[in-house]
Amino acid sequence: DGGITQSPKYLFRKEGQNVTLSCEQNLNHDAMYWYRQDPGQGLRLIYYSQIVNDFQKGDIAEGYSVSREKKESFPLTVTSAQKNPTAFYLCASSMGNNSPLHFGNGTRLTVT
Amino acid sequence: GQSLEQPSEVTAVEGAIVQINCTYQTSGFYGLSWYQQHDGGAPTFLSYNALDGLEETGRFSSFLSRSDSYGYLLLQELQMKDSASYFCAVRVDQTGANNLFFGTGTRLTVIP
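All of the points below concern the structure found in this document. (Residues numbered from 1 in each chain as written. Chains lettered and ligands numbered in written order. Predicted model: local features only at pLDDT ≥ 70, side-chain atom pairs only at ≥ 80, totals over all residues. Heavy atoms only, no water.)

1. Topic: the overall build of chain A
The helix and strand inventory of chain A stands at zero helices and 11 strands. N-terminal to C-terminal, the α/β element order of chain A is β-β-β-β-β-β-β-β-β-β-β. Compactness check: chain A gives a C-alpha radius of gyration of 13 Å against a globular reference of 13 Å for 112 residues, within 12% of the reference. Considering chain A as a whole, with its 112 residues, one finds that 47% of them fall into the buried category. Put simply, of all contacts in chain A between residues at least 6 apart along the chain, 52% involve residues at least 24 apart. Total accessible area on chain A is roughly 5600 Å²; 45% of this is exposed by carbon and sulfur atoms. (Helix = DSSP H or I, 4+ residues; strand = E, 2+ residues; numbered from the N terminus. Rg over C-alpha atoms; globule rule 2.2 N^0.38 Å. Buried < 20%, exposed > 50% of the residue type's maximum accessible area, 1.4 Å probe, protein only. Contact = heavy atoms within 4.5 Å. Areas by Shrake-Rupley, 256 points an atom, 1.4 Å probe, with all protein chains shown as cover.)

2. Regarding the sheet that holds strand β8 (residues 76-78) of chain A
What holds strands together in a sheet is hydrogen bonding between their backbones, with the strands either parallel or antiparallel. All names here are of chain A. Within the open sheet, the four strands sit side by side as β1-β3-β8-β7. Their pairing is antiparallel. Where the open sheet ends on each side, the last strands, each with one partner, are β1 (4-7) and β7 (64-66). Put simply, the sheet's adjacent strands are angled 20° from each other on average, direction ignored. Here three bridges tie β7 to β8, and the two strands are oriented antiparallel to one another. In the strand pairing of β8, V66 is matched with L76. (Pairing = 2+ DSSP bridges. Axes fitted to C-alpha atoms, helices over the stretch in contact; angles between N-to-C directions.)

3. Points about the pairing of strand β9 (residues 87-94) of chain A
Residues and elements named next belong to chain A. Counting buried residues along β9, eight of its eight residues qualify, which places the element largely inside the surrounding structure. Burial of the side chains of β9 extends over both faces: A87, Y89, C91 and S93 are buried on one face and F88, L90, A92 and S94 on the other. Examined bridge by bridge, strand β4 (residues 31-37) and β9 share seven bridges and lie antiparallel to one another. Its bridge partner being in β9, Y33 is matched across the sheet by A92. Relative to strand β10 (residues 102-103), β9 runs antiparallel, the two sharing two bridges. By the bridge assignment for β10, A92 is matched with F103.

4. A closer look at the state of the cysteines
Note on terminology: disulfide describes a covalent bond linking the sulfur atoms of two cysteines. Per the stated rule, a full pass over the model turns up two disulfides over all chains. Each sulfur of the disulfide joining C23(A) and C91(A) lies 1.9 Å from the other. Linking C23(A) and C91(A), the disulfide has an S-S dihedral of approximately -75° and is accordingly described as left-handed. Pair noted here: C23(A) is in strand β3 (residues 19-25) and C91(A) is in strand β9, with a separation of 68 residues, a long-range link. Across the pair, exposure class does not vary: C23(A) and C91(A) are buried alike. Two residues, C22(B) and C88(B), share a disulfide whose sulfurs are 2.2 Å apart. The chirality of the disulfide connecting C22(B) with C88(B) is right-handed, given an S-S dihedral of about 75°. Remark: C88(B) occurs in strand β9 (residues 84-91) and C22(B) occurs in strand β3 (residues 18-25); sequence separation between them is 66 residues. With respect to class, C22(B) is no different from C88(B); both count as buried. (Disulfide = S-S within 2.5 Å.)

See below:
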């Protein structure tokens, strides 16, 4: 079945450590995205990528980094510079500019 | 800045009809989308309006009035499984991928 896989589902880290969240898709979609969701809040865009080896900052990119070395993969690194990293992180992909977003099941990151 | 306003909570009876409104103030507008999210799950695409008018997909319909910067999602014949959060989202950038600016969501509770 085609879809987006995020792993792990739950992730715990100590403050000051970098952590990388995985996102893999087999939908052959060109565009991929990372959103952050806080309790009772909407989704906020962190980074997006339209093609391999290219990505753009979203609304809240500070403290995060990404790479897009393969079409299928768009990992997100939460760095120690991110002041409030505890959140639910959602990866998504889409075929084109006006195509719906397909979301993964998310990774819930807790930093203590 | 960008803002999307939608009610935080709505309660409705099983079998009834409910309307969730969304008003937006954004720097650009290239379409209004609606997504459903069950607790702890992935958002899933429901509908998209680029032009004024009503779009119908089964029990769900979505309406857009660009002159009023307003849209709504209409859910008919409510079922218990419709209990979820519903997000409106605006595409604000024509040049990028399908970057969406999301509202904070409306939590719908369907009661027997």
